[in-house]
Amino acid sequence: MYKSRDGNKAEPAGPSSAGPQQPPPGPPGGGDPWNGPSATEPDPSPQSQPQPQPQPQPQPSPKAAAPTGDAERLVAAHNRVRAQHCAQPLTWSPKLAQVAQQWANNLRDQGCKFDHSGGSYGENLAAGTTGAMDPDAVVAMWYDEVKGYSFQQPGFSMQTGHFTQVVWRSTTQVGCGMAQCKGNDIWVCEYDPPGNWEGQYKQQVLPAGCK
């Protein structure tokens, strides 16, 4: 089971009506705590006089924050519903996953606090009894808010903010994390570019079938 202040233990995506923010830096390469697809570091700039460099020592893989395959399942679950609203597929961002995992850990360390990080990315939260929600169920819970969204009067609502972030057309990347606390799983997903900008809902959140 899951619950919250508004009955479903989920927080609306942020930011919403806040003013424009400076775009965050692009995702770097490196290890992914979710074992999802990783970004590639750009080739280093050529040097005029290359010098021999010591070979780097192999580094151990970071400890997985969730079972292998959850990253792919989260991306696939997002993209299935985004396709219904003519939104481009998302790709997994190791950087966003790291940010999400750090915030999930922070909520855990604060005694299962359930609140937004206030960062520069879009953010969806969910929580439920440990093992009750897999990645598909988490995204399905957020998407289910479509039932309360008015495409005739588009805009932000505390009851539909997760849905609008999930299908926001200009968002291109997602990364998620999960922590366990007092018998609950706390899920955090970060989105870049963020959605839920006031005045953009008509263009960014299309009805199913895109008509």
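Cut-off values and rules
Residues numbered from 1 in each chain as written. Predicted model: local features only at pLDDT ≥ 70, side-chain atom pairs only at ≥ 80, totals over all residues. Heavy atoms only, no water. Phe/Tyr/Trp six-rings, centres within 6.5 Å; stacked < 30°, edge-to-face > 60°. Helix = DSSP H or I, 4+ residues; strand = E, 2+ residues; numbered from the N terminus. Buried < 20%, exposed > 50% of the residue type's maximum accessible area, 1.4 Å probe, protein only. Polar contact = N/O pair within 3.5 Å; in protein donor to acceptor, adjacent residues only side chain to side chain. Salt bridge = Lys/Arg side-chain N within 4 Å of Asp/Glu carboxyl O. Core = buried A, V, L, I, M, F, W, Y, C linked by side-chain atoms within 4.5 Å. Disulfide = S-S within 2.5 Å.

K.L.:
In this structure, what is going on with the packing of aromatic side chains? I would like to understand it.
P.N.:
In this description, an aromatic ring pair is defined by two values, namely the gap between the centres and the angle between the planes. Applying the stated criterion across every chain, the model contains five aromatic pairs. Aromatic pair Tyr143 and Phe163: ring centres 5.6 Å apart, planes at 70 degrees, arrangement edge-to-face. Of the two residues, Tyr143 is situated in helix H3 (residues 135-143) and Phe163 in helix H4 (residues 161-167); the sequence distance between them amounts to 20 residues. Both residues of the pair, Tyr143 and Phe163, count as buried. Within the aromatic cluster, the residues linked to one another by ring pairs are Tyr143, Tyr149, Phe151 and Phe163.

K.L.:
Can you walk me through the environment of Asn196 in this structure?
P.N.:
Relative to the assigned elements, Asn196 resides in the loop between strand S5 (184-192) and helix H5 (201-204). A polar contact of 2.6 Å, which involves the side chain of Asn196, links it to the side chain of Thr164. Of the polar contacts made by the side chain of Asn196, one reaches the side chain of Tyr201; its length is 3.5 Å.

K.L.:
Honestly, the pattern of salt bridges in this entry has me stumped. Any pointers?
P.N.:
Pairing is possible between side chains that carry opposite charge, provided their charged atoms lie close to one another. A full pass over the atoms with the stated rule returns five salt bridges. With a shortest N-O distance of 2.7 Å, Asp136 and Arg80 are connected by a salt bridge. One end of the pair, Asp136, is in helix H3; the other, Arg80, is in helix H1 (residues 70-83), with 56 residues separating them in the sequence. Using a relative accessible area of 27% as the deciding quantity, one classes Asp136 as partly exposed. A salt bridge links Asp144 to Lys147; its shortest N-O distance comes to 2.9 Å.

K.L.:
What am I meant to see in the nonpolar core here?
P.N.:
Among soluble globular proteins, nonpolar side chains are generally buried collectively. Counting residues in each nonpolar core, the largest one holds 30 residues, and the members touching the most others are Trp92, Trp142 and Val174. Listed by contribution, the elements that provide at least two residues to this core are H1, H3, H4, strand S4 (173-181) and S5. Ranked by size, the runner-up nonpolar core spans twelve residues in total, among them Cys112, Ala179, Cys181 and Val188.

K.L.:
Before we go on, may I ask you to explain the state of the cysteines in this structure?
P.N.:
Cysteine pairs can be covalently joined through their sulfur atoms, and such a bond is termed a disulfide. On inspection of all chains with the given rule, the structure shows three disulfides. Two residues share a disulfide in this structure: Cys86 and Cys210, whose sulfurs sit 1.8 Å from each other. An S-S torsion of about 105 degrees defines the bridge between Cys86 and Cys210 as right-handed. Remark: Cys210 occurs in the segment after H5 and Cys86 occurs in the loop between H1 and strand S2 (91-92); sequence separation between them is 124 residues.

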